[in-house]
Structure formats: structure tokens, C-alpha cells
Amino acid sequence: MASDNFVDYVKIHCTSGNGGGGSAHFRREKYIPQGGPDGGDGGRGGHIILRGNKQLWTLLHLKFQKHMKAGHGEHGSGQLQKGSQGQDKYIEVPLGTLAKDAETGEVLFEITEDGEEKILVPGGRGGLGNDHFKSSTYQTPRFAQPGEPGIESWMVLEMKILADIGLVGKPNAGKSTLLSVLSSAKPEIGDYPFTTLRPNLGIVKYRDYRSFVMADIPGIIEGAHEGKGLGLRFLRHIERNSCLLFMIPADADDIHAEYKLLLNELKQYNPELLHKERLLAITKSDMLDDELTQAISKDLPKIPYVFISSVAQQGLTELKDMIWKHLNHV
């Protein structure tokens, strides 16, 4: 997927349908002079509904479609005929999409399953016909309920990537290179900071036709939780990853300090991220000899680790084994 086509945030204007009015009709037939009220109910207005679609990976299809309208309900009529309900408006969204009220910021719900449907904006209720208001003491009600008006509201759709393993590291830690080597994804790769401007997904093949989904998150710098660098916009994508793979280059000045910096940014953004399983990959390890590798191994964070080189294709099988083991707790 081209990076320009990755859209993870859209603001849309939703207008649900008006409910149809009830009928105040009376039965009029030649041989039934006092037929009484027989007005039918109005149909409800159409809903705006979100529906999960596992084939979608982005909100690009909504980028230039800002206004969503549902159909109005029909009015009721005589002979207790109910009006047709307004046509619902369905919006297909990728899994992991949050729906928020644009004014209050309140999270309404999240779509997590394929085919899951949830009402974003309900349509107005249809009015009751005069048949509902008759009684033994009031047999000729000449009124009916009007339908409820629909709702107009601005809504925000925000996507958080669902992946098995998320790559966490500073800019130029080798995340995009690793994703391009392990999967068919083609992220942009360059020797300058913030080469990755948008998250990238790739499916990594494993033994016996098994696979897992890997997400390359744009680089994290100190102060990212305050919006520095690419900041908050992409930290949220880490929330939906089952396991986090921290990537630190072998030539880092202090591996422990860099690991603590990354961990602190996640903690400041959302402390719950610290409960996720963490793995460590020391990248660019083709620059190391056996002596240096052993020396570095003695002073690493107390989490499972592996030395890898995406360019030299070193340690990649061990890395996939480690990831699979922790994803499946085997």
C-alpha cells in the first residue's frame, strides 16, 4: 500500500433519517358508517451504521466522502398500514476502528470483528397512528404522532492497527528494513530520520504455512508522548499490538538508556502498554564480532533478546521463532 493511501483518521458529518408521521385516518366504507380510526404508524428513519470489513486496511475510502445521509421513514396510512422505514446508510470500516463524538471526544464504540455492525447515529422513531389513541371513552381521536426528526452530528473515525507484533524503536533503528525482508511489504527505506511517516503492515510467513502480522510504527523520540516528532498520532497504533518488539541498533551509545527512553514514552502515553509482552532485537549486528556480541549480551535488559541483521540475513529465523513462541505461549 502506498504511504499516501494510508488514512487512519477522518471526520464525517452524519445525518440520520426522519421518522415518518402516524396517520389520523378513519375507516370509511359504504356499509360501515362508523368504522373508527385506522391510521397506521410511521416508519422509523434510517440509521447510520458502521460495519467491520477485514478486507480494509485504511479509511482512505472515506477521505473525500464527508457527508453521510440515511433515508427518511414514510408516513403511515389508512387500514393500519405502517410506513416503510428509511434506508439505512452503511459505512464499511477496517477492524480496529474507534467511533468518537467530534464535539466531546467521547468514545462511542469500537469495531473489532468482521461483519460487526453498530449504530453510529440512530434514525428518528416513527409516529403512532390514531388507532393507538382510541379508548372506550374517546373513540374518534383525530390526531396522530409526528415522527421524530433525525440527528445531525459530526463524528470522528479513528483507526488503530491490529497486529500480532509491533516494531518499536527510534528513527533509523532498522524497523522498515526488517519488515521488508520478512514480508512482502514495501515500506520506504532511507538513511534519514522519520523515513516512515505512516504505519506499515506485513504478513510474515512462518513454519508449516503459519503466519503472523507485523506492524512497522514510525520512529519514537524523546517527548513523543507530548506530540514531538510524529508523536501521539502513531503511538496509538501500538495499543492494538499483542506483543512489542523493541529494536535497538548495535552501535547505540547506550542500549539500556535507549530501551528505557522508549519504555518511558510508552508509559507516559498509556501505562497499560507496559503490560504487553516485550522482546528485544539488537539490529545491525553484522558489525559485531563474537567478542563484542558476548560483551553486549552481558548487559542487556532482562527480556528475551536476539541479535539480527536484516541486510546480512542473520538471526532472522531465531527472531521469528522467538516471536512465534511468545505469541502462542509455547
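Conventions used here
Residues numbered from 1 in each chain as written. Predicted model: local features only at pLDDT ≥ 70, side-chain atom pairs only at ≥ 80, totals over all residues. Heavy atoms only, no water. Patch = residues over 30% accessible without salt bridge, like charges linked within 9 Å, V, L, I, M, F, W, Y side chains within 5 Å. Areas by Shrake-Rupley, 256 points an atom, 1.4 Å probe, with all protein chains shown as cover. Salt bridge = Lys/Arg side-chain N within 4 Å of Asp/Glu carboxyl O. Lys, Arg positive; Asp, Glu negative; His and termini not counted. Charge placed at Lys NZ, Arg CZ, Asp CG, Glu CD. Helix = DSSP H or I, 4+ residues; strand = E, 2+ residues; numbered from the N terminus. Buried < 20%, exposed > 50% of the residue type's maximum accessible area, 1.4 Å probe, protein only. Pairing = 2+ DSSP bridges. Axes fitted to C-alpha atoms, helices over the stretch in contact; angles between N-to-C directions. Phe/Tyr/Trp six-rings, centres within 6.5 Å; stacked < 30°, edge-to-face > 60°. Contact = heavy atoms within 4.5 Å. Parallel < 35°, antiparallel > 145°, perpendicular 65-115°, else oblique. Nonpolar A, V, L, I, M, F, W, Y, C, P; charged D, E, K, R; others polar.

A. Layout of a negative patch on the surface. On the surface, Asp251, Asp253, Asp254 and Asp299 cluster together into a patch of negative charge. Along the polypeptide, Asp251 turns up in the loop between β12 (241-249) and α3 (255-269). Among the residues examined, Asp251 registers a relative accessible area of 48% and is labelled partly exposed.

B. Highlighting the sheet that holds strand β3 (residues 67-69). Spatial strand order, β3-β1-β8-β5-β6: five strands in an open sheet with mixed pairing. In this open sheet, the two strands that pair with only one neighbour each are β3 and β6 (107-111). Strand-to-strand twist of the sheet, defined as the mean angle between neighbouring strand axes without regard to direction, takes the value 30 degrees. Here five bridges tie strand β5 (residues 97-101) to strand β8 (residues 152-159), and the two strands are oriented antiparallel to one another. The partner of Ala99 across the bridge, within β8, is Leu157.

C. Molecular detail of the pattern of salt bridges. Throughout the structure, instances matching the rule amount to nine salt bridges. Between Arg44 and Asp88 there is a salt bridge, and its shortest N-O distance comes to 3.1 Å. Of this pair, Arg44 sits in the loop between β1 (9-15) and β2 (48-52) while Asp88 sits in the loop between β3 and β4 (89-93), placing them 44 residues apart in sequence. Residue classification places Asp88 among the buried positions, given a relative accessible area of 18%. One continuous salt-bridge network, built from bridges that share partners, spans Arg51, Glu92 and Glu117.

D. Geometry of the packing of aromatic side chains. Per the counting criterion, the structure on display carries six aromatic pairs. Ring centres of Phe133 and Phe143 lie 5.1 Å apart, and the angle between their planes is 40 degrees; on these two criteria the pair is classed as tilted. Note that Phe133 is positioned in the loop between β7 (117-121) and β8 and Phe143 in the loop between β7 and β8, a separation of ten residues in sequence. Considering the side-chain rings of Phe212 and Trp324, the 6.4 Å spacing of their centres and the 40 degrees angle between planes classify their relative orientation as tilted.

E. Inspection of the sheet that holds β12 at higher detail. On the basis of which strands lie adjacent, the open sheet formed by six strands has the order β10-β11-β9-β12-β13-β14 and mixed pairing. Strand pairing shows two members of the sheet lacking a second neighbour, β10 (200-205) and β14 (305-307), which therefore form its edges. In this sheet, neighbouring strand axes are inclined to one another by 25 degrees on average, regardless of whether the strands run parallel or antiparallel. Across three bridges, strand β13 (residues 277-283) lies against β14 in parallel orientation. In the sheet register, Leu280 faces β14, and the bridge partner there is Tyr305. In the packing of helix α1 (residues 175-182) onto the sheet, contacts are made with β9 (163-168), β10, β11 (211-216) and β12, and the angle to β10 comes to roughly 45 degrees.

F. Structural detail: the packing of α1 against helix α5 (residues 316-328). The contact between α1 and α5 brings their axes to 12 Å, and the two run at 90 degrees. Classified by the angle between their axes, α1 and α5 sit roughly perpendicular to one another. Seen from α1, the contacting residues are Leu178, Val181 and Leu182; seen from α5, they are Leu316, Leu319 and Lys320. By residue class, the composition of the contact of α1 with α5 is five nonpolar, no polar and one charged.

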